[in-house]
Amino acid sequence: MQALTPAAAAIELRGIEKSFGSVHAVRGVSLRIETGTITGIVGENGAGKSTLMSILYGLYRADAGEIWVDGQPVEMASPRDAIAHGIGMVHQHFMLIDSFTVLENMVLGAEGGLLLAGGLAAARAELARLARDYGLSIDPDVRVANLSVGEQQRVEILKVLFRGARILILDEPSAVLTPQETDRLFRILQTLRERGVTVVLITHKLREIMAATDRVYVMRQGRMVVERRTRDTSSEELAELMVGRKVRLDLDKAAPRQGEILLRAEHLSLVDDRGVRLLDDVGIELRAGEIVGIAGVTGNGQSELLQVLAGIRAPSEGRLTVCGRTLDARHPGNPADMRVLGLAHVPEDRLRQGMVAAFEASETSILGYQDGPPFTRHYLLDGPAVGAHCAQLMERFDVRPRSPGLRSSHFSGGNQQKLVLAREIARQPKVLLVGQPTRGVDIGAIEFIHRELVKARDAGCAVLVVSVELDEILSLADRILVMFAGRIVGEVEPGRADERRLGLMMAGADAA
Amino acid sequence: MDEAFSFVFLMLASTLRVATPLVLCAMGGLFSEKSGIVDVGLEGKMLMAAFFAAATASVTGSAWAGVAAAILAAEALALLHGFACITYRGNQVVSGVAINILAAGLTVVLGTAWFARGGQTPPLLDGQRLLPLFLPGAGDNILVYAALLSVPLTWWIIARTRFGLRLRAVGEMPLAVDAAGLSVAWLRYRAVLLCGLLAGLAGAYLSIGQNAGFSRDMTAGQGFIALAAIIFGKWRPLPALGACLIFGLLDAMAIRLQGVRVPGVGEVPVQLIQAMPYLLTMFLLAGFIGRAVAPKAAGVPYEKEH
């Protein structure tokens, strides 16, 4: 039986609109979040989830629409208003100050007086109470810089609770966590729900929606497409709703036909000027016709490994043999030479390393290959040839819009990535290094990029993929190496790998 | 014995005298830099303040009116810097350099127009200056004590107050401050205004305390040395004070060592001694102090995404 006067929802949004310039990011969105539930909001990158939550938290002003909290219409002009209404946000990028202690971070903005001493003492007591009530223990006097990512997230949650939030918004909370840390986070969220806290979980990971939420909203292209009870839906249905068509989440590929070794790293180490060992005795063999995946939590040496393998940084110790050339500390390579030898590199950070944002797409499409024919003749760039090359790549890799003259920064993340990938694959390299192939790329393009990587492999290319997305590694790789603290801590065959075991290895626990 | 004592005393007194404007400026700059606003314009603020202090004192006959005018002049430039860097998110170094150029030019132009003495202000009488308080001849005017007091006060504000915590936060990660519901701009404006206040006092000290009138470019790079002191002190008040005192001591020695013959070396050229503070600045900045830990957001304008 439905109650005659249903209890007021914790949050109700009515007809929210928001445009940034010519981009209509949120289009007439309405939703209702019940008190004491965990509600998921899913959608591809750019579907408008984060924008919607930023409006709710007062970071952006909506162009039109109403926000109701606990049955009252409210004005959200700034985060201060949101905090006053009991809404707290745990941002994807933590809003923590590294050089501050946990306690100092907690009280920032809620110091309770002109002098710190009293506020800090009160916060210490409150922190102890929260730790007891919610099982969120943390040392208040340790500096945030010395905490693990999972612990930092706990500080963020504590910070929000400390401010008296009853409604907690988490934006892509698992992006930086190991599977174990993610499980732990979800247990924390369950506890919060039991204590009457309302949780809103924004994510693009369907597995998490299925595991953690009571109810789910799907956003697509700025619209709220559908609302479901989590137990009445499935990952497949949600994926289809997110993209607007059927999506294949698995990738079918033939068994690899491995050939000769094209890249061999022996005892590679990299020590920075402060003496920190970023890479520690890394050994890798990469054969023609296989995809090797490197799994690991961000910041465990994967970025540095890519840089060393691509010839950007010289190793401090050890030896690297690529396509018949040997590099070591005394014989450093450089990326241009490596390219000539047949090594292509799709960098992790495409905006900083893969392209020049202000360049036209056609210029991006030859970056690194611009010297010599067919693009350069008599020291001058051949504009028409470059344009034609770019148009051809755009056609083959379905880059949209197909405008070689458009600035690279004006393409979406997925299309930028396809352009960079097209540039590197078009040269039919012997070795292809790919960092975070689908970071910031929507589901439709992920499918495409994965198929292109497999195609390159089948053409005899040796492919190395570094990714923090475990699903991606599991579906792409023929062999999986796990990195932790600059070391390769194990090798797993994808058929025999399960997430739990990989997660333990990624967290540095001995899973042998 | 007596002679040695008086030598040490005089050295200390002159060290302190020379260091006073450096200390005031360094503490001002510290507030600004801690909030994430780099202040290359300390020099210009101090110069402008020095001019207005002397000009006002000479016209009104009151040293205190001079101090007030100095503060107002420095605050005007501080606001200009804040306007350019906080409200309009301009480049902080460019704004600071512009302020230095403006001050160097404007003081001379106004000085020439008002007093017709080639950019100088008329020499001030004793009643128009800040005079020594306790030790005649040592130059211990009230601003010397203010400078000494400003150091623990700065430390206390930054380390122990709510404003200090927020100040440190906004210099490290303005986004976090914004997300906590605090105004990044208002915090930074307050820091910049505090900086103006202290730079104003430093300027007043130069023209109506240490000297008796303004002469063109009388700051002679001390604003930059104060900036260097902040860096040596790794953005901490007490070590910055130490750095200022070292500079002051070098300067005091430069005066004492003129014409003195060092055994085995001969007479040390005056120019070399006078260059010591600047050489030391270069030497220390070139890496002697190790990794400097500047506030992370220093020099970066804060922009909300939309």
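Residues numbered from 1 in each chain as written. Chains lettered and ligands numbered in written order. Predicted model: local features only at pLDDT ≥ 70, side-chain atom pairs only at ≥ 80, totals over all residues. Heavy atoms only, no water.

A. Geometry of the overall build of chain A. The secondary structure content of chain A amounts to 17 helices and 22 strands. Taken over the C-alpha trace, chain A has a radius of gyration of 25 Å; the compact-globule value for 512 residues is 24 Å, and the two agree within 12%. Referenced to the eigenvectors of the C-alpha coordinate spread, the extents of chain A come out at roughly 75 × 45 × 45 Å. Out of the 512 residues belonging to chain A, those deemed buried represent 51%. Residue pairs in contact within chain A that sit at least 24 positions apart in sequence constitute 67% of those at least 6 positions apart. In chain A, which carries 61 positive and 66 negative side-chain charges, the distance between the mean positions of the two groups comes to 1 Å. (Helix = DSSP H or I, 4+ residues; strand = E, 2+ residues; numbered from the N terminus. Rg over C-alpha atoms; globule rule 2.2 N^0.38 Å. Buried < 20%, exposed > 50% of the residue type's maximum accessible area, 1.4 Å probe, protein only. Contact = heavy atoms within 4.5 Å. Lys, Arg positive; Asp, Glu negative; His and termini not counted. Charge placed at Lys NZ, Arg CZ, Asp CG, Glu CD.)

B. Examining the overall build of chain B more closely. Helix and strand content of chain B: 11 helices and 2 strands. Listing every helix and strand of chain B by position from the N terminus yields α-α-α-α-α-α-α-α-α-α-β-β-α. Principal-axis analysis of the C-alpha atoms places the extent of chain B at approximately 65 × 50 × 30 Å. Of all 306 residues assigned to chain B, the portion counted as buried reaches 54%. Within chain B, contacts between residues separated by at least 24 positions form 78% of all contacts whose residues are at least 6 apart in sequence. Counting every atom, chain B has about 13500 Å² of accessible surface; 69% of that belongs to carbon and sulfur. Distance between charge centres in chain B, computed from 20 positive and 15 negative side chains, equals 8 Å. (Areas by Shrake-Rupley, 256 points an atom, 1.4 Å probe, with all protein chains shown as cover.)

C. The arrangement of the confidence of the model for chain B in detail. Residue-level pLDDT values for chain B average 89, and 96% of them are 70 or greater. What the predictor reports for the complex is a pTM of 0.76 with an ipTM of 0.85. (pLDDT = per-residue confidence, 0-100.)

D. How the structure looks around the packing of aromatic side chains. In the structure shown here, the tally under the stated rule is 7 aromatic pairs over all chains. Seen from their ring centres, F232 of chain B and F247 of chain B are 5.5 Å apart, and the 40 degrees between their planes marks the pair as tilted. You can see F232 of chain B sitting in helix α9 (residues 222-232) and its partner F247 of chain B sitting in helix α10 (residues 237-257), a full 15 residues away along the chain. Taken together through their ring pairs, the aromatic side chains of F51, F52, W114 and F214 of chain B make up a single cluster. The lysine or arginine in question, K418 of chain A, covers the ring of F448 of chain A, its NZ or CZ lying 5.3 Å from the ring centre. (Phe/Tyr/Trp six-rings, centres within 6.5 Å; stacked < 30°, edge-to-face > 60°. Lys NZ or Arg CZ within 6 Å of the ring centre and 35° of its normal.)

E. Inspection of the pairing of strand β6 (residues 87-90) of chain A at higher detail. Residues and elements named next belong to chain A. Across the two faces of β6 the burial is the same, with I87 and M89 and G88 and V90 all buried. When β6 meets strand β7 (residues 167-171), the two strands line up parallel, connected through 4 bridges. Bridged to M89 within β7 is I169. (Pairing = 2+ DSSP bridges.)

F. Structural detail: the packing of helix α1 (residues 2-34) of chain B against α10 of chain B. All names here are of chain B. In contact at an axis separation of 7 Å, α1 and α10 are set at 135 degrees when each is read in the N-to-C sense. Taken together, the axis directions place α1 and α10 in an arrangement best described as oblique. Remark: the crossing between α1 and α10 carries right-handed chirality. Residues belonging to the contact of α1 with α10 are distributed by class as follows: 20 nonpolar, 3 polar and 2 charged. (Axes fitted to C-alpha atoms, helices over the stretch in contact; angles between N-to-C directions. Parallel < 35°, antiparallel > 145°, perpendicular 65-115°, else oblique. Left-handed = near helix turned anticlockwise from the far one by under 90°. Nonpolar A, V, L, I, M, F, W, Y, C, P; charged D, E, K, R; others polar.)

G. Fine view of the domain arrangement of chain A. Residues and elements named next belong to chain A. Each domain of chain A was delimited in the assignment, giving domain 1 (9-243) and domain 2 (261-354 + 428-506). Once you take the C-alpha centre of each, domain 1 and domain 2 turn out to be 34 Å apart. In this assembly, 11 residues from domain 1 lie in contact with 14 residues from domain 2. The interface formed by domain 1 and domain 2 contains 1 salt bridge. Between R207 and D471 there is a salt bridge, and its shortest N-O distance comes to 4.0 Å. Put simply, domain 1 and domain 2 have 0 residue pairs in polar contact (both at pLDDT 80 or more) between them. Of all the elements in the fold, those that place two or more residues in the side of domain 1 that touches domain 2 are α6 (179-194) and α8 (235-243). (Domains from an automatic or database assignment. Salt bridge = Lys/Arg side-chain N within 4 Å of Asp/Glu carboxyl O. Polar contact = N/O pair within 3.5 Å; in protein donor to acceptor, adjacent residues only side chain to side chain.)

H. Spotlight on unusual backbone geometry. Here the phi dihedral of E172 of chain A falls at roughly 45 degrees; this positive angle occurs in a residue that is not glycine. Here E172 of chain A is to be found in the loop between β7 and α6. Judged by relative accessible area, E172 of chain A falls into the buried class, the value being 8%. You will see that A116 of chain B, though not glycine, has its phi angle at about 50 degrees, which is positive. With respect to the helices, strands and loops of the structure, A116 of chain B is situated in the loop between α4 (92-115) and α5 (142-160). A116 of chain B sits in the exposed class, given a relative accessible area of 64%.

I. Representation of the environment of M210 of chain A within the structure. Residue and element names in this part refer to chain A. Residue position: M210 is located in helix α7 (residues 206-212). C-alpha of M210 to C-alpha of K18: the two residues are 192 residues apart in sequence and 29 Å apart in space. Those residues in contact with M210, other than ones at most four positions away along the chain, are T230, T233, S234, S235 and L238.

J. Up close: the side chain of Q436 of chain A. Residue and element names in this part refer to chain A. Within the secondary structure layout, Q436 lies in the loop between β19 (431-435) and α15 (443-458). Of note is the side chain of Q436, whose polar atom sits 3.0 Å from the backbone nitrogen of V468. What Q436 contacts, discounting residues up to four positions off in sequence, is E348, Q417, V466, S467 and V468.

K. Region of the structure containing helix α8 (residues 184-210) of chain B. Residues and elements named next belong to chain B. Taking 1.5 Å of rise per residue, the 27 residues of α8 would be expected to cover 39 Å, and the 38 Å separating its terminal C-alpha atoms lies within 8% of that figure. The principal kink in α8, of about 30 degrees, is found at A204. Across the 27 residues that make up α8, a large majority, 20, are buried. (Expected span 1.5 Å × (residues − 1). Bend = angle between axes of the 7 residues up to and from the residue.)

L. Seen up close, the interface of chain A and chain B. Contact residues are listed per partner, giving 26 residues for chain A and 24 residues for chain B. The contact between chain A and chain B buries some 2100 Å² in all, and 64% of this surface belongs to carbon and sulfur atoms. In terms of surface lost to chain B, no three residues of chain A exceed M95, L108 and L116 of chain A, which account for 23% of the buried area on that side. Summed over the shared surface of chain A and chain B, the number is 3 salt bridges. Note that D98 of chain A and K296 of chain B form a salt bridge whose closest N and O atoms lie 3.4 Å from each other. Summed over the shared surface of chain A and chain B, the result is 7 residue pairs in polar contact (both at pLDDT 80 or more). Listed by contribution, the elements that provide at least two residues to the side of chain A that touches chain B are α2 (79-84) and α3 (102-107) of chain A. Taken together, the residues of the side of chain A that touches chain B sort by class into 16 nonpolar, 4 polar and 6 charged. (Buried area = accessible area lost by both parts, 1.4 Å probe.)

M. Spatial organisation of the state of the cysteines. Taken as a whole and judged by the stated rule, the model has 0 disulfides over all chains. Between C85 of chain B, a cysteine without a disulfide, and C195 of chain B, which holds the nearest cysteine sulfur, the sulfur-to-sulfur distance is 11 Å. (Disulfide = S-S within 2.5 Å.)

N. Region of the structure containing the sheet that holds strand β1 (residues 11-20) of chain A. All names here are of chain A. Here 4 strands make up an open sheet; going across it, the order is β2-β1-β4-β5 and the pairing antiparallel. Each edge of the sheet is formed by a strand with only one pairing partner; in this case those strands are β2 (23-33) and β5 (72-74). Ignoring strand direction, the axes of neighbouring strands in this sheet form an average angle of 30 degrees. Pairing between β1 and strand β4 (residues 64-69): 5 bridges, direction antiparallel. Directly across from L13, in β4, lies its bridge partner I67. The strands touched by helix α1 (residues 49-56) within the sheet are β1, β2 and β4, with β1 carrying the most contacts at an inclination of about 115 degrees.

O. Region of the structure containing the pattern of salt bridges. All names here are of chain A. Considering all chains together, one arrives at 40 salt bridges over all chains under this definition. A salt bridge links R277 to D280; its shortest N-O distance comes to 3.3 Å. Assessed through its relative accessible area of 37%, R277 is described here as partly exposed. Among the charged side chains, a salt-bridge network with shared partners connects E12, R14, R32, E34 and E66.

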